[in-house]
Amino acid sequence: GAVVSQHPSRVICKSGTSVKIECRSLDFQATTMFWYRQFPKQSLMLMATSNEGSKATYEQGVEKDKFLINHASLTLSTLTVTSAHPEDSSFYICSARDSASNNEQFFGPGTRLTVL
Amino acid sequence: QQQVKQSPQSLIVQKGGISIINCAYENTAFDYFPWYQQFPGKGPALLIAIRPDVSEKKEGRFTISFNKSAKQFSLHIMDSQPGDSATYFCAARGGANNLFFGTGTRLTVIP
């Protein structure tokens, strides 16, 4: 299947700082990428849909000014957690949709964010 | 509102046994039903998927059974192995190709 990478795999930061997470589709182009958040022993919660060249669509209850999403190219989307606080600590997972593979979503390995 | 309901929450199976995980949905507009396997600290990986016009799909030890009229589908893992121990999520795809995930099943296969 198609490969999606995420960087960094884990990050620890101080409260109040901003953290950027990158999501890349390595062997296909993705006009649409998705960002999920997963708490321990829970399911994936869709945060936003990222569309190349346009503004992201955020799910209800997700602060767009808190979680900035940029999808500047067909292979890269970034999620920036601004002014991070301990409650933002979570596992963030991206996925990329491959239109050449039945619009299948391929998931990245996730980024563990810990805010001290 | 949980669009896809999944059970059981956890499952313990002996090596060589059959693991069965069930899911149910309400929205008849869903057009694709994938299952994902997730190991701790990793992203979900597509295991097997089915369309609603098919009643069963088998890939190796993994089989999806789909009952369109009941709006239910299930994953069967035959000859379960300790390496199958992971969390399994069912999902359903709706408009805008969004995926709606079940709550997950933690499978433990004991030797």
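Cut-offs applied
- Residues numbered from 1 in each chain as written.
- Chains lettered and ligands numbered in written order.
- Predicted model: local features only at pLDDT ≥ 70, side-chain atom pairs only at ≥ 80, totals over all residues.
- Heavy atoms only, no water.
- Disulfide = S-S within 2.5 Å.
- Helix = DSSP H or I, 4+ residues; strand = E, 2+ residues; numbered from the N terminus.
- Pairing = 2+ DSSP bridges.
- Axes fitted to C-alpha atoms, helices over the stretch in contact; angles between N-to-C directions.
- Buried < 20%, exposed > 50% of the residue type's maximum accessible area, 1.4 Å probe, protein only.
- Contact = heavy atoms within 4.5 Å.
- Lys, Arg positive; Asp, Glu negative; His and termini not counted.
- Salt bridge = Lys/Arg side-chain N within 4 Å of Asp/Glu carboxyl O.
- Core = buried A, V, L, I, M, F, W, Y, C linked by side-chain atoms within 4.5 Å.
- Buried area = accessible area lost by both parts, 1.4 Å probe.
- Polar contact = N/O pair within 3.5 Å; in protein donor to acceptor, adjacent residues only side chain to side chain.
- Nonpolar A, V, L, I, M, F, W, Y, C, P; charged D, E, K, R; others polar.

**Thoughts on the state of the cysteines**
Residues and elements named next belong to chain A. Counting across every chain of the model gives two disulfides over all chains. Here C23 pairs with C94 through a disulfide, and the sulfurs are 2.0 Å apart. As the torsion about the S-S bond is roughly 80°, the C23-C94 disulfide counts as right-handed. Separated by 71 residues along the polypeptide, C23 in strand β3 (residues 19-25) and C94 in strand β9 (residues 90-98) bring together distant segments of the chain.

**Focus: the sheet that holds strand β1 (residues 4-7) of chain A**
Strands pair in a sheet through their backbones, by hydrogen bonds, and they do so in one of two ways: parallel or antiparallel. Residue and element names in this part refer to chain A. An order of β1-β3-β8-β7 is seen for the four strands of this open sheet, with the pairing classed as antiparallel. The outermost strands of the open sheet, each flanked by one partner alone, are β1 and β7 (67-73). Neighbouring strand axes in the sheet, compared pairwise and without regard to direction, differ in orientation by 15° on average. Pairing analysis gives six bridges linking β3 to strand β8 (residues 76-81), with the strands arranged antiparallel. Bridge pairing links C23 to S77 in β8.

**Details of the environment of Y25 of chain B**
All names here are of chain B. In this structure, Y25 sits in strand β3 (residues 19-25). Judged by relative accessible area, Y25 falls into the buried class, the value being 5%. Each C-alpha atom of the pair Y25 and V109 lies 27 Å from the other, and the pair is 84 residues apart in sequence. Aside from chain neighbours lying at most four places away, what touches Y25 is Q3, F30, F33, F66, K68, K71, Q72 and F73.

**A closer look at the side chain of E104 of chain A**
The topology assignment puts E104 of chain A in strand β10 (residues 104-107). Within the buried core, E104 of chain A has no salt-bridge partner, and the shortest N-O distance to an opposite charge, that of R93 of chain B, equals 5.7 Å. Once residues within four sequence positions are removed from consideration, E104 of chain A is found in contact with A96, R97 and D98 of chain A together with Y32, Y36, L46 and R93 of chain B.

**What about the nonpolar core?**
Counting 25 residues, the largest nonpolar core has V4, W35, F67, L79, Y92 and L113 of chain A as its most contacted members. Elements with a minimum of two residues in this core: β2 (10-13), β3, β4 (32-38), β5 (44-51), β7, β8, β9 and β11 (111-115) of chain A. Membership of the second largest hydrophobic core comes to 24 residues, among which are W35, I48, I64 and C90 of chain B.

**Observations concerning the interface of chain B and chain A**
The interface of chain B with chain A comprises 19 residues on the first partner and 20 residues on the second. For the chain B face of the interface with chain A, the top three residues by lost area are P44, N97 and F101 of chain B, together amounting to 29%. Counting the contacts that link chain B with chain A gives zero salt bridges. Across the chain B-chain A interface, the total number found is eight residue pairs in polar contact (both at pLDDT 80 or more). Of all the secondary-structure elements, those providing two or more residues to the side of chain B that touches chain A are β4 (33-38), β9 (86-93) and β10 (99-101) of chain B. Of the residues in the side of chain B that touches chain A, the class split is eight nonpolar, seven polar and four charged.

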